[in-house]
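The lines below spell out each chain.
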Amino acid sequence: MDQLTTSELNRLITEETRQADDIDDVGHLLPFIFKSFNAGLLPTAASLRGSNKKPLYDSTKQIWPLACSEKGQAIEKTFPSFLNAITHALAESFPAQPLPPQWYGSNSTTPIGDSLIQRKPDLCLSDDVTLQWNNILVVAEMTASTFSLSMPAVKTLDTKAYLVFREQPWRRFVLFLSFTHEHRELRVHLYDHSGGVVTPMIDIHKQPDAFKYVMASIVFGSRNCIGFDPTISINLKMTQLPLPPTEQPSKEKSTTPNPIPTNSKQTPPLVNSSDIIGKITVNKNEYELLKVLFSHQGLVGRGTVCYLARRDGHEYIIKDHWVTGGKDVVLNEVKMLEALKGVPGVPRLVEYWLVEMAPDQVDDTQLYRQKIYSSTAGMYRTHVRLVLEPRARPLHEFRSRKELVKAIRDIVLVQKCAVEKHNILHRDCSLNNSMIEDTDDGSRGALIDWEFAARITSDDLYPAGGTGTIPFMSIDVLQAMSTLEYQQSQTMAEERKKATDSSTRQEVPKLRHTYHNDLESVFYVFAWICIMFKGPCGQERHLEDVNSDFKRADIWLPQQWHGPPENASAIAASKYFFFFKRTSCIAEQFDPYFKDLVPLAEEWAEIIKQKDMKMEFDDISSLLDKHLARLPDNETSLDFQTSSNKLAKRMGEPEKDVVTPKQNRVV
């Protein structure tokens, strides 16, 4: 994992320098993020006293005695007491503030509980004694070695930043510390969705007041000093995040690919006021947060978080994310939604906001950087918030086979309307972006996330970012991505985290993408559901329990279609082999619940093969209409009734003996 996060940060770490001959210069970052903290209230380091009234800092020897580990004692055990002693001494200057968070070293030898990634942070600042990645405010790593960006202590910070972001996705940035060179050299590490920043070194013994300033700002400053968003408030004890994605199916882990909100099926259509998990601001409007529907996994990237929210009794979806580029690019999704206004199955934009941390100061990751390097140019991101309606449920929460097929048909029609009437290409049709909207007379399929949609060009070439989600990408796009990955690996063979001006700025590469590719993606969404789920209402299937010749995980089609970008060529080959050699496995791999849809899948695959991946909208929509006509309007089964009754119980509705879905009428 350390290697993956380090690769993600390649050439994206800005290492600050101080002005020549100015030892008191702490760089650009710290004064910027700590500007809301009134450092003028702080006493001098020399005046700080411990609980025994003795000075904490020895001005004669220029040393913090408590910072020096005693013989036979691990620094991770003694250093928290030293930092907490400073906190206690400084607390007298802030009598009106509540009890400050404390430093703990309890997990320096014991990993913090996590089912996927085991890590042992040396020191943690938290309000809770029991440390979890969702309640850690700051992490500090201790080492006697001299500092370098490639040292193990820093690499493990990269991974811990990923874990904090994963469990606290609403943060603007994560702030960590490293104490190196016999634990006396302090550096502050900021991680955000554009990479990272490392401040100039502070010798804690020779620069005691600079050290005190950093520690006081972190502990006594407002939480936005350490990366929290003042426009969002979250009650952690009431917040359940979507489960982290996994490539291998198991009972304990999600079987859906990144970025699927696997537990969103637990969200009732209406949430009682007692279930409010927080509040969020958009422009001058305040919304109640009811649930986190989806959160991005990773360090560098959009950092998308989708919330179910409510204002004045009406429910909305709020998309909070970080977008690269100038204002025109940042607002691309806004423009696409405005262009597609009124198209059935496309979300309606209620309002949007370029998030501001202060009046007329838009939250932009570039603001944290001392210098713009050629390797970081174009990587800076603007904080954008969209409010959308109506609220929809994920496609895999269909309530009958007929509703599933109809929703997929509707998504094909959304693509057709966007292309033929509005000259717009979606470019990211995936399971996560495929939804079902409940309407007054039934339901319809919907296609969301138009961030990377584009006006169709004459050469069909578009920026590589936003070309789709790996398991659902078309064969042609995967092959183009593979070529691009190889070219980039040759030009950036050397792993180097530090931002640099040594290379010329690279233009954003382009990939060929057509509506045929988006249509092909719809097939993969359909097949994925029929293999990875075992019934309506989001019932996940555990493939390891399936008594089949296809029990090995690497044989199942979704597992062959899933992987990192560097495996794009192999994934493309597996999909090509499927269409031309292995379509017979459909009947064997589909869950028995979907056996009536096997003929549809086989005919669909044959069309793709016969058309050489160049099928038309009418080819697929007419096929889906044909099979819709064959499916019963009413579907009752024990599995369906049980699942529906569980949903009804969560919604506060009475259970029913016989369940007949209303969202099944073909319109």
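Residues numbered from 1 in each chain as written. Predicted model: local features only at pLDDT ≥ 70, side-chain atom pairs only at ≥ 80, totals over all residues. Heavy atoms only, no water.

Caption draft 1: Structural view of the overall build of the protein chain. Counting secondary structure elements, the protein chain contains 16 helices and 26 strands. Here the protein chain holds 667 residues, and 57% of them are scored as buried. A total accessible area of about 28,300 Å² is found for the protein chain, and carbon and sulfur atoms account for 49% of it. (Helix = DSSP H or I, 4+ residues; strand = E, 2+ residues; numbered from the N terminus. Buried < 20%, exposed > 50% of the residue type's maximum accessible area, 1.4 Å probe, protein only. Areas by Shrake-Rupley, 256 points an atom, 1.4 Å probe, with all protein chains shown as cover.)

Caption draft 2: Seen up close, the layout of surface pockets. Size it by volume and the second largest pocket reaches roughly 380 Å³. Along the wall of the second largest pocket there are 18 residues; nearest its centre are Asn134, Arg223, Phe228, Ile234 and Leu236. The element best represented in the lining of the second largest pocket is strand E9 (residues 232-234), accounting for three residues. Taken together, the residues of the lining of the second largest pocket break down into seven nonpolar, six polar and five charged. (1 Å grid on protein atoms, 1.4 Å probe; cavity = no way out; pocket = protein on both sides within 12 Å on 5 of 7 lines; lining within 4 Å. Points joined across faces, edges and corners; volume = space filled by probe spheres on them. Nonpolar A, V, L, I, M, F, W, Y, C, P; charged D, E, K, R; others polar.)

Caption draft 3: Local environment of the packing of helix H10 (residues 515-532) against helix H12 (residues 568-581). Orientation of H10 relative to H12, taken along the N-to-C sense of each, is 80°, at an axis distance of 14 Å. Taken as axis vectors, H10 and H12 run roughly perpendicular relative to one another. Together, Glu520, Phe523 and Tyr524 of H10 and Lys575, Phe578 and Phe579 of H12 make up the contact between the two elements. (Axes fitted to C-alpha atoms, helices over the stretch in contact; angles between N-to-C directions. Parallel < 35°, antiparallel > 145°, perpendicular 65-115°, else oblique. Contact = heavy atoms within 4.5 Å.)

Caption draft 4: Fine view of the pairing of strand E5 (residues 174-180). In terms of residue burial, E5 counts as a mostly covered element, since seven of its seven residues are buried. The two faces of E5 match: Val174, Phe176, Ser178 and Thr180 on one face and Leu175, Leu177 and Phe179 on the other face are all buried. Alignment of strand E4 (residues 136-142) against E5, held across four bridges, turns out to be parallel. Across the sheet, residue Met142 finds its bridge partner in E5, namely Phe179. Traced from E4 through helix H4 (residues 152-167) to E5, the parallel crossover comes out right-handed. As judged from the seven bridges shared by E5 and strand E6 (residues 185-192), these two strands associate in the antiparallel manner. Paired with Ser178 across the two strands is Arg187, which belongs to E6. In textbook terms, the turn of a hairpin is the stretch between consecutive antiparallel strands, and for E5 and E6 this stretch comprises four residues, one of which, His181, has a positive phi near 50°. (Pairing = 2+ DSSP bridges. Right-handed = clockwise from strand over helix to strand, strands pointing away.)

Caption draft 5: Region of the structure containing the packing of helix H14 (residues 598-610) against helix H15 (residues 617-628). Running from N to C, H14 and H15 point in directions that differ by 165°, and their axes come no closer than 11 Å. Taken together, the axis directions place H14 and H15 in an arrangement best described as roughly antiparallel. When you trace H14 past H15, the crossing you get is right-handed. Between H14 and H15, the residues in contact are Pro599, Leu600, Glu603, Trp604 and Ile607 and Asp619, Ile620, Leu623, Leu624, Lys626 and His627, respectively. The residue inventory of the contact of H14 with H15, partitioned by class, reads seven nonpolar, one polar and three charged. (Left-handed = near helix turned anticlockwise from the far one by under 90°.)

Caption draft 6: Spatial organisation of the environment of Phe34. Of note, Phe34 is situated in the loop between helix H2 (29-33) and helix H3 (75-91). For Phe34, a relative accessible area of 1% gives the class buried. Taking the C-alpha atoms as reference points, Phe34 and Ser217, separated by 183 residues in sequence, lie 6.3 Å from one another.

Caption draft 7: A look at the pattern of salt bridges. Applying the stated rule across the entire model yields 34 salt bridges. Taking the shortest distance from any N to any O, the salt bridge between Arg409 and Asp410 comes out at 3.0 Å. A single salt-bridge network, built from bridges that share partners, covers Arg302, Lys319, Glu333, Asp449 and Glu451. (Salt bridge = Lys/Arg side-chain N within 4 Å of Asp/Glu carboxyl O.)

Caption draft 8: Examining the sheet that holds strand E21 (residues 442-447) more closely. On the basis of which strands lie adjacent, the open sheet formed by three strands has the order E18-E20-E21 and antiparallel pairing. Edge positions in the open sheet fall to strand E18 (393-394) and E21, since each of these has one partner strand only. Sheet topology places E18 next to strand E20 (residues 434-439); two bridges connect them, and they run antiparallel. Looking across to E20, one finds that Arg393 is bridged to Ile436.

Caption draft 9: Molecular detail of the sheet that holds strand E12 (residues 305-311). With antiparallel pairing, the seven strands of this open sheet are ordered in space as E9-E10-E11-E12-E13-E17-E14. The strands lining the two open edges of the sheet, one partner per strand, are E9 and strand E14 (348-354). Across the sheet, the mean angle from the axis of one strand to that of its neighbour is 35°, orientation sign disregarded. Bridging between strand E11 (residues 285-295) and E12 involves six bridges; their strand directions are antiparallel. Note on E12: the bridge partner recorded for Leu289 is Ala309. Against the sheet, helix H7 (residues 332-339) makes contact with strand E13 (314-324), E14 and strand E17 (381-389), and its axis sits at roughly 160° relative to E14, the strand it touches most.

Caption draft 10: Just H3, in detail. Helix length check: H3 (17 residues) gives 24 Å between terminal C-alpha atoms against 24 Å at 1.5 Å per residue, within 8%. In terms of burial, H3 is a largely internal element, 13 of the 17 residues being buried. (Expected span 1.5 Å × (residues − 1).)

Caption draft 11: Highlighting the nonpolar core. Counting 86 residues, the largest nonpolar core has Trp450 and Trp604 as its most contacted members. No other element matches H10, which puts 12 residues into this core. Every residue in contact with Trp604, bar those within four places of it in the chain, is listed here: Ile408, Val522, Phe523, Phe526, Ile620, Leu623 and Leu624. If you look at the next biggest cluster of nonpolar residues, it comprises 70 residues, including Phe79, Phe179, Val219 and Ala309. (Core = buried A, V, L, I, M, F, W, Y, C linked by side-chain atoms within 4.5 Å.)

Honestly, that's just the spatial picture; any functional story needs more than this.
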